[in-house]
Amino acid sequence: MSLAGLGLLIIAVAFLLIAIFVVITLKAVTSTMKSLSTTADQFQQQIQGITTESENVLKETNEITQHLNEQSESFSELADSLRNVSTTVNNINSSLEGMSEDAARAYEQPNPQAIRWIQWGDAAMEMFRRGKAKQQTSKSRGNQ
């Protein structure tokens, strides 16, 4: 073999080695790409699961917020009712105080008509006593 043949043989072997390394590299890249594709699919599934869970949590949060708003409105109505009851009780207390003051004033100030009735009653009692005293005096004189 000549030098040219030997050179061609070395080039052919080198070309063959390069082809083998390219094939090995392409197989490794293919394997890496399959692994990357699987990881991407799993990542996408996890993202979908997280998205679904996030939507459920958001829905439950909205329901809880709505429920709290309804309870807050009910509590506001209850607070208004209690405020109205308090106002009513205060009004009743004021009325009772006014009535007590009126009764105290009436007790402190004599009623002219009541005084007249008392005087008439006293006069009637006095007349009754005098009449009885006369009867007893008449009986005692009649017995003597």
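Residues numbered from 1 in each chain as written. Predicted model: local features only at pLDDT ≥ 70, side-chain atom pairs only at ≥ 80, totals over all residues. Heavy atoms only, no water.

Q: Help me understand the pattern of salt bridges, please; the structure alone is not making it clear to me.
A: When the charged atoms of two side chains with opposite charge come close together, those side chains can pair. Inspection of the entire model under this criterion finds three salt bridges. Note that D80 is salt-bridged to R83, the shortest N-O span being 2.6 Å. Of this pair, D80 and R83 both sit in helix 1 (residues 3-108), three residues apart, which is roughly one turn of that helix. With a relative accessible area of 36%, D80 lands in the partly exposed category. Among the ionic pairs, E126 bridges to R130, the shortest N-O distance being 3.5 Å. A residue pair is termed a helical-turn pair when its members lie 3 or 4 positions apart in one helix, as E126 and R130 do in helix 2 (residues 112-143) at four residues. When salt bridges with common partners are traced through the structure, they connect E126, R129 and R130 into a single cluster. (Salt bridge = Lys/Arg side-chain N within 4 Å of Asp/Glu carboxyl O. Helix = DSSP H or I, 4+ residues; strand = E, 2+ residues; numbered from the N terminus. Buried < 20%, exposed > 50% of the residue type's maximum accessible area, 1.4 Å probe, protein only.)

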